[in-house]
Structure formats: structure tokens, C-alpha cells
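Observations on chain architecture
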Amino acid sequence: MRVFADMWAYLSDGANWAGSDGIAALLGQQLLLTLTALLMAMVVGLPVALWLGHLGRGGFLAINISNVGRAIPTFALLALLVVAPWPGTGELGPYGRAGLATLIALTLFALPPIITNSYVAMREVAPEVREAARGMGMTGVQQFWRVELPLGLPLVVSGLRLALVQVWATATIAALVAGPGLGQVITDGFFRSNYGKGIAGALVVAAVALVLELVAALVQRAVDPSRRGTPSGGHTDALSVTGATVEQPAESVG
Amino acid sequence: MRVTLLGAADDPSCYSRLVNDWVCMDYVSDRQQEIVDATIQHIGITVVSVVLGLAIAFPLALLARRLPKLESAILAITTGIYTVPSLALFPLLVPFTGLSATTVVIGLALYALTILVRSLLEGLRSVPDDVRESATGLGYGRGQLLLKVELPLALPVVMAGLRVATVSTVALTTVGSLVAYGGLGNLIKDGVLTNFRAELFTASVLCVVLAVVLDIVLVLLQRLLTPWTRGVRA
């Protein structure tokens, strides 16, 4: 295929990687965007969701926020933010043109999986364990830090992993509003009918998504107390983006 | 028509460049045809994509169930597709299918497929073994068992997956504006390019409304198809 030859030619030419709008710079920019958005979503979402899960309140909200989030197109959200007087298309340091709008859109996009998973993680701690902790005289705060959080951590991390990969992939949409990131390579190649370049951009995005997914899977494995002893146990496939544990509790309620 | 809303005839309309309101009913009534066309395109692309996704997911799920060795491969491949961003997938397909609605439909069907294969497998797995055994004992063949016992019992889980797939497809269709077949996404894109707030806002709201409406339709359909769960679930 001609396009794949073009793609290879584009990728193997070092000049396309260098420079301020080369692949390497855009990749770094998108990584920075993704990690910042994820961090912001964690700061906002984790404390609220974990504490609500600890108290067992607000479940309806925590579960349904995922469904609401799915219904709102990121493109529409981003478009609204860019056209609005604030945040608009202003340049934001290393985040580039429309950096703030992109960050806000991606943060909002990362919140639902983080909130839903963290809430479910807290609720899924076995009631016997919780009662035993109370019977030992633990206060609510002690229960939260010493029992519920360690036991729920794998599911919390799987929510973060889901959010990470989704945010990384979705960050490319910023290019539709002339924003930052690797999406530029894709749309640029596409609009100039240079499909090889577009596909090259897509390939880089997909490859990094896979790397992020694998790294996140390793982190998840490292924090899972039950899997540490028995490496053969559990049901991970490294590629599972929407693991059964993530979807099931969310759907059985709605 | 808009005069009645604004009072004076020489006032600029609320979607003129000078005013550029976010919410503007004049825009909706004046550009009604354009909005209806975009909405119909959006619904069409969404429905065809999800149906196509379901049509591919069904045999895949059956195959995965019959051959457990294939299951992890099928799940890995479909999940791999999901990590390809939509913005990347459409240009990837253009060299083969051109700038057409087909490009968008194939891309979206691939995404829907990922969700649907998983929920079909999960649904079929949720059928209790004793039910399956008693059906076999009653003389049901494999095909009959699937159609008359397993599928109806798997329906709640499958419908949950179908709802997720439909709602995400409605949202993802907007990205199809890249190849000019994005339904309401086309209006959103135009709204950004021309700084047309009423157009952008109206199309965005319609997108969300469309997702909610289709979700409700599926819930009603599920109630209709599984009358036996009504007493328990409601």
C-alpha cells in the first residue's frame, strides 16, 4: 500500500521528529496535558469519591456520573470552552494554544471513571471486614486508612488506568479546535491529503496508548495485595481497558 | 417570526455577529431545516453503526464462547481497537473508504463492537448452568437453547451494554465532522470555525438530548422484551 510506504517514510525521517512542532515535541506536550489533566481529576475526584464511598452516601450520583459523562461529546465540550470568552484559545505555557480549554475538558472527561471506580472500590470492601475493624475499636478515619483504602486500592488504580488511557486518546481531539498535541499531526496530514503523515500520527498515538496501558497495568499489579502472593491468580489481561470489575458494578445499579 | 420575539423589527437578531448569543430561538426557527437534517444524519449514523457493531459482535461472541482459546484473542483485538483514538481512526480509514458516511460508520461500529462483544459474553455467561441443563433435558437443541433460553436470559446484561455503546456512539459521531459526516458535529465544527455561538450551543445540547432519548428508547425496549423482570426490577 502506498499510504503505508508514505507513513514509514514520514516516521523514519528524523527531521519530522525534531523541532518545536515535530513529533517528539508534540508527544511531550500531549503527555504533559494527559498527566496534568489526570492529576487535576485525581485531586478533585479522589477525596470526594473515596469519602462518599466510605460513608456509603451519594451512590446514585457517583455511579451515574459515568453515564452522564459518556453522553457529553468531548468535542462539543471543547468547542464550547474554546468559543467562550473564558478560557478561550489563549496560549498557556507549555500546554500551547487553547491549553487551558483542553486541560479543563480533559479533566472533566477523566473524572467519571475515577469517581465511579473509587466509590465502588470503597463499597466493595466486604462488610465482615468492615465490621471486624469496627469491633477492634477502629474509628471511622482509621477504618478508612487502614482497612478500606488498602483493600480498595486495586480498583481505584484500575479507574485511574482507565482514565489515563482514555484521556491520552481523547487529547488528540484538541486538534479539531486547533489545540495542542499529536492530533495536529493527524489533522494536518489529513487536511493536506498527506494520508501517510496522518496515519503516522495515529500510529504514534496508538503506540503510546499501548505503552501507557502496560505501565499502568504494572502499577496496578504492584498495588494489589491479593495478587502479590499468587502471581497466577486474578484475571488480568494486559489490554483490558474496560475490565469486568469496572463495568459490572456500574451497570448493575443503573 | 423573530420580530415577535425581539419586539422591534430593526433590532439585530440574536444570532447576528453583533449579538452572538449562546441561546437563540431565532436561530433554531430560521435554520430549522439545517438542524433537522444534521440531527437525522446523526441518528442515522449512530443507529447504523450500532446495528452493524451488534451484527459483527454476535457471531464473534458465539465463536469466542465455543472456542475459549479464541476468546482472549478476540477480546485483546477488540480492546486494541479501542485504544486507537477516534480522531486517528477516521483518517486511517479514508484511503480505503473515502470521504463518506461509510468511513464514519465503520469506525464507530468498531468502537461499539468492543463494548458489545464483552457484554454479549458476559450476558451469556450469566445464564445459570442448571437452567441450561434443564433446557437440554427437555430436549432443546443447541440452536433452540440459544434462541429460546440463553438469549432471553442474557438480555438484561446485553441491553446494558447496548445502552453504553449507543450513548458513546452518539457522542463519538461528532468527531465524524472530520470527514464532513458528523451529523450535529458538523454544526459544532462550523460553530467553532465561524465563532457562531448559537449554532455551537444548539448542536451541543441536541447531542446530549439525543443520547438521553436513545437511552430511554432502549430502556423501554428492554421492558417490552423482558416482561418477566418488570415486577422484580421496578
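Residues numbered from 1 in each chain as written. Chains lettered and ligands numbered in written order. Predicted model: local features only at pLDDT ≥ 70, side-chain atom pairs only at ≥ 80, totals over all residues.

**Brief notes about the overall build of chain A**
Along the backbone of chain A there are 11 helices and zero strands. Mapped in sequence order, the helices and strands of chain A form the string α-α-α-α-α-α-α-α-α-α-α. Expressed as a percentage of its 254 residues, the buried residues of chain A come to 45%. Considering only contacts within chain A whose residues lie at least 6 apart along the sequence, 72% involve residues at least 24 apart. (Helix = DSSP H or I, 4+ residues; strand = E, 2+ residues; numbered from the N terminus. Buried ≥ 20, exposed ≤ 12 C-beta atoms within 10 Å, placed from the backbone. Contact = placed C-beta atoms within 7 Å.)

**Observations regarding the overall build of chain B**
Within chain B, the regular secondary structure consists of 11 helices and zero strands. Mapped in sequence order, the helices and strands of chain B form the string α-α-α-α-α-α-α-α-α-α-α. Here chain B has a C-alpha radius of gyration of 22 Å; the compact-globule value for 234 residues is 17 Å, and the former is much larger. If one aligns the C-alpha atoms of chain B with their principal axes, the spans along those axes are about 80 × 45 × 20 Å. Considering chain B as a whole, with its 234 residues, one finds that 43% of them fall into the buried category. Contacts in chain B between residues at least 24 apart in sequence constitute 68% of all its contacts with a sequence separation of at least 6. (Rg over C-alpha atoms; globule rule 2.2 N^0.38 Å.)

**Observations regarding the nonpolar core**
Counting 129 residues, the largest nonpolar core has Leu78, Ala79, Ala110 and Val167 of chain A as the members making the most contacts within it. Looking at this core, the element that brings in the most residues is helix H6 (residues 101–125) of chain B, giving 14 residues. If near-sequence neighbours (up to four positions away) are discounted, Ala79 of chain A is found in contact with Val177 of chain A together with Ile188, Gly191, Val192 and Leu200 of chain B. (Core = buried A, V, L, I, M, F, W, Y, C linked by C-beta atoms within 7 Å.)

**Thoughts on the interface of chain A and chain B**
Between chain A and chain B, the contact holds 39 residues from the first and 39 residues from the second. Of all the secondary structure elements, the ones that give two or more residues to the side of chain A that touches chain B are helix H3 (59–71), helix H4 (74–83), helix H7 (140–170), helix H8 (183–191), helix H9 (195–223) and helix H11 (244–253) of chain A. Looking at the side of chain A that touches chain B element by element, the count peaks at 10 residues for H9 of chain A. Taken together, the residues that form the side of chain A that touches chain B break down as 28 nonpolar, seven polar and four charged. (Nonpolar A, V, L, I, M, F, W, Y, C, P; charged D, E, K, R; others polar.)

**Considering helix H6 (residues 127–135) of chain A**
Little of H6 of chain A sits inside the fold, with zero of its nine residues counted as buried. Immediately beyond the C-terminal end of H6 of chain A, within one or two residues, lies Gly137 of chain A, with a positive phi of roughly 95°.

**Here we look at the environment of Trp86 of chain A**
Residues and elements named next belong to chain A. Topologically, Trp86 is positioned in the loop between H4 and helix H5 (99–123). Note on Trp86: 9 C-beta atoms within 10 Å, which makes it exposed. Distance in space between the C-alpha atoms of Trp86 and Trp51 is 32 Å, their sequence separation being 35 residues.

**Focus on the environment of Val84 of chain B**
Secondary-structure assignment places Val84 of chain B in the loop between helix H4 (68–82) and helix H5 (86–97). Remark: the alpha-carbon pair of Val84 of chain B and Tyr111 of chain B, spanning 27 residues in sequence, is separated by 9.4 Å. For Val84 of chain B, the residues in contact, after removing those within four places along its chain, are Ala202 and Ala206 of chain A together with Leu89 of chain B.

**Overview of the packing of H4 of chain B against H6 of chain B**
All names here are of chain B. Their axes nearest at 9 Å, the elements H4 and H6 cross at an angle of 140°. Relative to H6, the element H4 lies oblique. As H4 runs across H6, the sense of the crossing is left-handed. Facing H4, whose interface residues are Ile74, Thr78, Thr79, Ile81 and Tyr82, H6 presents Leu110, Tyr111, Leu113, Thr114 and Val117. Residue composition of the contact of H4 with H6, by class: seven nonpolar, three polar and no charged. (Axes fitted to C-alpha atoms, helices over the stretch in contact; angles between N-to-C directions. Parallel < 35°, antiparallel > 145°, perpendicular 65-115°, else oblique. Left-handed = near helix turned anticlockwise from the far one by under 90°.)

**Some thoughts on unusual backbone geometry**
Residue and element names in this part refer to chain A. The amide bond that connects Trp86 to the next residue, Pro87, takes the cis arrangement and shows omega of 0°. Structurally, the position occupied by Pro87 is in the loop between H4 and H5. We note that Ala178 has phi near 60°; this positive angle belongs to a residue other than glycine. With respect to the secondary-structure elements, Ala178 resides in the loop between H7 and H8. Positive phi, close to 55°, is recorded for Ser193, a residue that is not glycine. Summarising the element assignment, Ser193 is placed in the loop between H8 and H9. Residue classification places Ser193 among the exposed residues on the basis of 10 C-beta atoms within 10 Å.

**Some words on the packing of H6 of chain A against H7 of chain A**
Residue and element names in this part refer to chain A. Relative to each other, H6 and H7 sit at 160°, their axes nearing to 11 Å. Here H6 lies roughly antiparallel to H7, going by the angle between them. Viewed along their axes, H6 and H7 form a crossing whose handedness is right-handed. Touching Val129, Arg130, Ala133 and Arg134 of H6 are Gln143, Val147 and Leu151, all from H7. For the contact of H6 with H7, the per-class residue count stands at four nonpolar, one polar and two charged.

**Observations concerning the confidence of the model for chain A**
Residues and elements named next belong to chain A. Chain-level statistics for chain A give a pLDDT mean of 85 and a share of 88% at 70 or above. Ranking the elements of chain A by mean pLDDT puts H11 last, at 34, and helix H2 (residues 23–55) first, at 94. Between residues 229–254, whose pLDDT stays under 50, and residues either more than four places distant or in other chains, the model counts 39 contacts. (pLDDT = per-residue confidence, 0-100.)

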